[in-house]
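Structural description and commentary
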Amino acid sequence: MTENHGPSGVADATVRLAFSVPMAGGQVLPPGCLWSSDRVVSCRTGALSVGGGAGEVALDLRAAGLPQELTVDVSTAWRAGGADRNPANDRHRVLVLATGDPYVF
């Protein structure tokens, strides 16, 4: 879930997921998301009030080929210029192992 810890609300925000390997072609994204490349997906989260969240963005993606693992860099882009007291929490790296299990982050 995308959250805003303040100190001010954000009129609109976007989350960016960058994969260490290419994703398989032809995959459909949910509304509000788009492919920036075969390794990058950007999703609009919408407005975020102080202390509020935007719910979850569910993606059902497959990597091209059969990698044993990959990483996903999750980063936040604040389009509306809201103040951020802790920009260190705007980036996360997730190791995804080829277990067949769904990942939530």
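For the structure itself, look to the data block above.
Residues numbered from 1 in each chain as written. Predicted model: local features only at pLDDT ≥ 70, side-chain atom pairs only at ≥ 80, totals over all residues. Heavy atoms only, no water.

Regarding the pairing of strand β1 (residues 10-19)
Among the ten residues that make up β1, eight are buried, leaving the element largely enclosed by the rest of the structure. Bridging between β1 and strand β3 (residues 40-48) involves seven bridges; their strand directions are antiparallel. Residue Arg 16 lies in a different strand from β3, and its bridge partner there is Ser 42. (Buried < 20%, exposed > 50% of the residue type's maximum accessible area, 1.4 Å probe, protein only. Helix = DSSP H or I, 4+ residues; strand = E, 2+ residues; numbered from the N terminus. Pairing = 2+ DSSP bridges.)

Some thoughts on the state of the cysteines
Using the criterion set out here, one finds one disulfide in the structure. The residue that forms a disulfide with Cys 33 is Cys 43, at a sulfur-sulfur distance of 2.1 Å. Across the S-S bond linking Cys 33 and Cys 43, the dihedral sits near 115°, which makes this disulfide right-handed. With Cys 33 in strand β2 (residues 33-37) and Cys 43 in strand β3, this residue pair connects regions lying ten residues apart in the sequence. In this structure Cys 33 comes out as buried when scored by relative accessible area, which is 15%. (Disulfide = S-S within 2.5 Å.)

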